[in-house]
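Residues per chain, in single letters:
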Amino acid sequence: MTDTGVLGVRGVRHTVRHGAARVAAATPADRDRAVDALRAAAVLGVVLGHWLVTALVADSGTLRTASPLPHMPWLTPVSWLFQTLAVFFLVGGHVATRSLASARARGIPYHRWLTARLTRLFTPVAAVLGLWTIAALALLLSGAEFGTVRTLVKLALSPLWFLVVLAALTAATPLLTRLNPLWPLAVVLHVDLLRFGLGGPSWLGWVNVAAGWLVPYTLGAAWTRGELERRRAGWILLVGGAVATAGLVAWAGYPASMVGVPGEGVSNLDPPTLAVVTFGLAQCGLALLLRERLRQAMRRPMAWAAVALVNLSAMTIFLWHQTALMATTATGLLAGRLPGLHTPPDSLGWVGARLLWLPVFALALAVCWAAFRSLEQGAGGRGRGSRVVRAHRPSDRGAAVQARHV
């Protein structure tokens, strides 16, 4: 490398480090950075999980969804690593109950608090719905098969179910601040007993969409109340949840995968089962045990800057990651059926090829992020949520301090 090249690399490194140092300096001193680290890990876990186990196979001119899990059951542990929704709901419950308490202390009425939080949550959704409405109409008018369009739209909008559940739990936060997590856990247990053990109707499982995610959400409320500060609480959740999940899989017939597997009679996630809830308890326990290490790690400016960036764009990343996958897949069709992108996910070779595609998916997601992140950050700036960094910007009357929110 020439001297000019070396100087260029050093210049980039200096710029990145300087930017990271500014982000760290702008972060409120009282912010619990472990919370943001857990949220970032949960979001990125869902994204990587979808990219690894969701395939769009080109077959006779149409695209259909497929998964490598039916063909390679040994990949099941991937679902244990990247099915991180319980951690997201844990953090969501903690942040919402803490935010509500802060709003009450400042005299902010409930309806204003809720409007601010839901605005930040759903403002980025408008762009996704608008783009895919136009895209679906354009594809149908151009002669694309209805089945292909349906597959694409369903995949693109699939993250929205999560936001609907989170919005409902957020609205119910005043009723949930003191709710013991054992109550929704008991509901999940009885629902599964009725539908699996006593032959009850399958629609009962949809009760668990609320009850199942209430468990980590109310654990987040217990965290706010200070009931989970001792490490003993984390160990009880981790060990108890892991043992219960292993028992349910080994002796009660629950699937080992924590995501849906095509062809399986039962999905642990759609709707949630007792197994995925107990697995979530173990995840929450591990998250609580890692808090202090994460706080120490987030003292490093580079690590904290990366986590802050993800948190400032968490909904944008979550909402557009499937679109990034599909955009890459559609563009790749111009070059023919590419391994790991359009071929059936039924071999080790597909796994290796898919890993090579991950940076391309990330690049496509970065383009979506650049195009739509302003919607989320604009909505966050109007809200009254938790501050990630303070941005110092000039105004007509001089320097003003504005807090960004997530």
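Refer to the structure above for everything that follows.
Residues numbered from 1 in each chain as written. Predicted model: local features only at pLDDT ≥ 70, side-chain atom pairs only at ≥ 80, totals over all residues. Heavy atoms only, no water.

> I'd like a description of the pattern of salt bridges, backed by residues and values.
Under the defined criterion, the tally for this structure stands at 7 salt bridges. Aspartate 192 serves as the salt-bridge partner of arginine 195, at 3.2 Å between the closest nitrogen and oxygen. Note that arginine 195 and aspartate 192 are positioned in helix 9 (residues 182-197) at a spacing of 3 residues, about one turn of the helix. Aspartate 192 matches arginine 195 in its accessibility class, with the two residues each being buried. Several salt bridges converge on common partners, so that one network encompasses Arg31, Asp36 and Arg39. (Salt bridge = Lys/Arg side-chain N within 4 Å of Asp/Glu carboxyl O. Helix = DSSP H or I, 4+ residues; strand = E, 2+ residues; numbered from the N terminus. Buried < 20%, exposed > 50% of the residue type's maximum accessible area, 1.4 Å probe, protein only.)

> Now, about the pairing of strand 1 (residues 55-59): what can you tell me, with residues and values included?
Of all 5 residues in strand 1, 4 are buried, a share of seventy percent or more. Judged from the 5 bridges that link them, strand 1 and strand 2 (residues 62-66) form a sheet pairing that is antiparallel. Counterpart to aspartate 59 in the pairing with strand 2 is threonine 62. (Pairing = 2+ DSSP bridges.)

> Describe the nonpolar core, naming the residues involved and giving the relevant values.
In this structure, Phe89, Phe162, Leu163, Leu169, Trp213 and Trp320 are the most contacted members of the largest nonpolar core, which totals 105 residues. For leucine 163, the contacting residues outside a window of four places in its chain are Leu121, Phe122, Val125, Met315 and Leu319. (Core = buried A, V, L, I, M, F, W, Y, C linked by side-chain atoms within 4.5 Å. Contact = heavy atoms within 4.5 Å.)

> Residue-level account of empty space enclosed by the protein, with values.
Counted under the stated rule, the structure contains 2 cavities of 30 Å³ or more. If you trace the second largest cavity, you find it lined by Gln83, Ala86, Gly212, Trp213, Pro216, Val276, Val277, Phe279, Gly280 and Gln283. Elements supplying a minimum of two residues to the lining of the second largest cavity: helix 10 (207-224) and helix 12 (274-289). Element by element, the count of residues in the lining of the second largest cavity is highest for helix 12, at 5 residues. (1 Å grid on protein atoms, 1.4 Å probe; cavity = no way out; pocket = protein on both sides within 12 Å on 5 of 7 lines; lining within 4 Å. Points joined across faces, edges and corners; volume = space filled by probe spheres on them.)

> Tell me about the packing of aromatic side chains, and name the residues and values.
Throughout the structure, instances matching the rule amount to 10 aromatic pairs. A centroid spacing of 4.1 Å and a plane angle of 5 degrees characterise the contact between tryptophan 320 and phenylalanine 372, whose relative ring orientation is stacked. Of this pair, tryptophan 320 sits in helix 15 (residues 314-332) while phenylalanine 372 is found in helix 16 (residues 348-382), placing the two residues 52 residues apart along the sequence. Overall, the relative accessible area of 1% leaves tryptophan 320 in the buried class. The rings of Phe88, Phe89, Trp161, Phe162, Trp213 and Phe318 are connected pair by pair, giving a single aromatic cluster. Note that arginine 373 overlies the ring of tryptophan 369, its terminal NZ or CZ placed 4.7 Å from the centroid. (Phe/Tyr/Trp six-rings, centres within 6.5 Å; stacked < 30°, edge-to-face > 60°. Lys NZ or Arg CZ within 6 Å of the ring centre and 35° of its normal.)

> Let's hear about helix 11 (residues 231-251): which residues, and what values?
Each α-helix winds once per 3.6 residues, and so residues spaced three or four apart point in a common direction. With 21 residues, helix 11 ought to run about 30 Å at 1.5 Å a step, and its terminal C-alpha atoms sit 30 Å apart, in line with that. Residues of helix 11 that are buried include every one of Ala233, Gly234, Leu237, Gly241, Thr245, Gly247 and Leu248, and no others. Of the residues one or two after helix 11, glycine 253 is the one with positive phi, at around 85 degrees. (Expected span 1.5 Å × (residues − 1).)

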